[in-house]
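# Descriptive analysis of the structure
Chain by chain, the residues:
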Amino acid sequence: MNSPYNYIMLSKYFSDTCVVADAGGKIAGYISAFHPPANPEVLFIWQVAVDEAYRRRKLGIAMLKHLLERESCRQVRFYEITVTPSNKAADSLYRKFAKGLGVPCEISECFSARLFPGRQHEDEMLYRIGPFPK
Ligand SMILES: CC(C)(COP(=O)(O)OP(=O)(O)OC[C@H]1O[C@@H](n2cnc3c(N)ncnc32)[C@H](O)[C@@H]1OP(=O)(O)O)[C@@H](O)C(=O)NCCC(=O)NCCS
């Protein structure tokens, strides 16, 4: 969970690339994402979150697939996402998503722990998934 301001701001200004999974008026899942301005072929996914009550039902995978079908993502060939090494669920989710589509998932360092104040943040590893077929 990050600042509520971030979620509201992303949902307003990047609604074409954000997802809300609605389960009868309750939010079951959410993705926030945007195209880096210099590279519309990339979709940077800031967060995928599924309510605990809805986990392990393939909702995370379904939302990731849904985004690729949007008109706003027609040009997207790669997903870029950062993941901390301790987040095994996220690591497994993105590897499984890539494997299901038959595309590579390349992992490299993105934001080193040194960049974060207070030494309270892990490294953020970059997961680059794609290229998706045109
Ligand atoms: C990560 C998260 C989004 C997964 O959502 P989900 O809807 O439960 O995921 P899915 O059901 O689509 O799972 C697909 C695959 O991801 C992997 N996975 C999901 N949750 C996992 C867990 N807790 N432990 C290990 N692997 C996991 C599995 O490989 C799973 O396939 P399987 O169920 O056939 O084994 C969810 O656990 C979550 O919201 N976590 C907190 C927020 C977060 O860390 N987000 C990611 C970083 S941005």
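Residues numbered from 1 in each chain as written. Predicted model: local features only at pLDDT ≥ 70, side-chain atom pairs only at ≥ 80, totals over all residues. Heavy atoms only, no water.

## A word on the nonpolar core
How we decide: Residues grouped as a nonpolar core are buried Ala, Val, Leu, Ile, Met, Phe, Trp, Tyr and Cys residues, joined through side-chain atoms within 4.5 Å. Think of it in three bands: with a 1.4 Å probe and only protein chains considered, a residue is buried below 20% of the maximum accessible area for its type, exposed above 50%, and partly exposed in between. Secondary structure elements are taken from DSSP: a helix is a run of H or I of four residues or more, a strand is a run of E of two residues or more, and numbering for both begins at the N terminus. Contacts are assigned to residue pairs with any non-hydrogen atoms lying within 4.5 Å of each other.
Core analysis: the largest hydrophobic core is formed by 28 residues, its most contacted members being Ile31, Ile45, Leu64, Tyr79, Tyr94 and Ile129. Sorting the residues of this core by element identifies strand 1 (19–23), strand 2 (26–34), strand 3 (42–50), helix 2 (59–69), strand 4 (78–83), helix 3 (88–101) and strand 6 (124–129) as the ones contributing at least two each. Once residues within four sequence positions are removed from consideration, Tyr79 is found in contact with Leu43, Ile45, Leu64, Leu67, Leu68, Phe97, Tyr127, Arg128, Ile129 and Phe132.

## Some details on unusual backbone geometry
Looking along the chain, the bond that leaves Gly130 and enters Pro131 is cis, with omega of 5°. The residue Pro131 is located in the segment after strand 6 in this model. Located in the positive-phi region is Arg56, a residue other than glycine, with phi close to 60°. Tracing the sequence through the fold places Arg56 in the loop between strand 3 and helix 2. With a relative accessible area of 84%, Arg56 lands in the exposed category.

## A word on the side chain of Thr84
Assignment of secondary structure puts Thr84 in the loop between strand 4 and helix 3. Accessibility expressed as a relative area gives 16% for Thr84, which makes it buried. Beyond its immediate sequence surroundings of up to four residues, Thr84 is in contact with His121, Glu122, Asp123 and Glu124.

## A word on the packing of aromatic side chains
What counts, and what does not: Stacked, tilted and edge-to-face pairs are distinguished by plane angle, under 30 degrees for stacked and over 60 for edge-to-face with tilted covering the rest, among Phe, Tyr and Trp rings (Trp via its six-membered ring) whose centres lie within 6.5 Å. By the criterion adopted, a ring carries a charge over it if an Arg CZ or a Lys NZ lies within 6 Å of its centre and within 35 degrees of its normal.
Taken as a whole and assessed by the stated rule, the structure comprises eight aromatic pairs. When the centroid spacing of 5.3 Å and the interplanar angle of 40° are considered together, the rings of Phe14 and Phe34 count as tilted. Pair noted here: Phe14 is in the loop between helix 1 (4–13) and strand 1 and Phe34 is in strand 2, with a separation of 20 residues, a long-range link. Residue class for Phe34 comes out partly exposed when judged on its relative accessible area of 23%. Through successive ring pairs, a cluster of aromatic residues spans Tyr7, Tyr30 and Trp46. We note Lys12 situated over the ring of Tyr13; from NZ or CZ to the ring centre the distance is 5.3 Å. The ring centre of Phe78 lies 3.7 Å from the NZ or CZ of Arg128, which sits over that ring.

## Comments concerning the site of the ligand
Filter applied, for reference: The near set for a molecule or strand comprises every residue that places at least one heavy atom within 4 Å of it. A 3.5 Å cut-off defines polar contacts: any pair of N or O atoms within that distance qualifies, except that in protein one atom must be a possible hydrogen donor and the other a possible acceptor, and neighbouring residues in sequence count only when both atoms are side-chain atoms. Surface accessibility in these figures is a Shrake-Rupley result with a 1.4 Å probe; residues are shielded only by whichever protein chains are displayed. Note on residue classes: Ala, Val, Leu, Ile, Met, Phe, Trp, Tyr, Cys and Pro are nonpolar, Asp, Glu, Lys and Arg are charged, and everything else, Gly too, is polar.
With respect to spatial proximity, 19 residues lie near the ligand, and among them Val48, Val50, Lys58, Ser92 and Lys96 are the closest. Here an oxygen atom of the ligand sits 2.7 Å away from a polar atom, N or O, in the main chain of Val50. Contacts to the ligand include Arg56, whose backbone N or O atom sits 2.8 Å from an oxygen atom. Protein chains bury 77% of the 900 Å² of accessible surface belonging to the ligand in isolation. Put simply, the parts of the chain that give the shell around the ligand at least two residues each are strand 3, helix 2 and helix 3. It is helix 3 that contributes the most residues to the shell around the ligand, six residues altogether. In terms of residue class, the shell around the ligand is made up of ten nonpolar, four polar and five charged.

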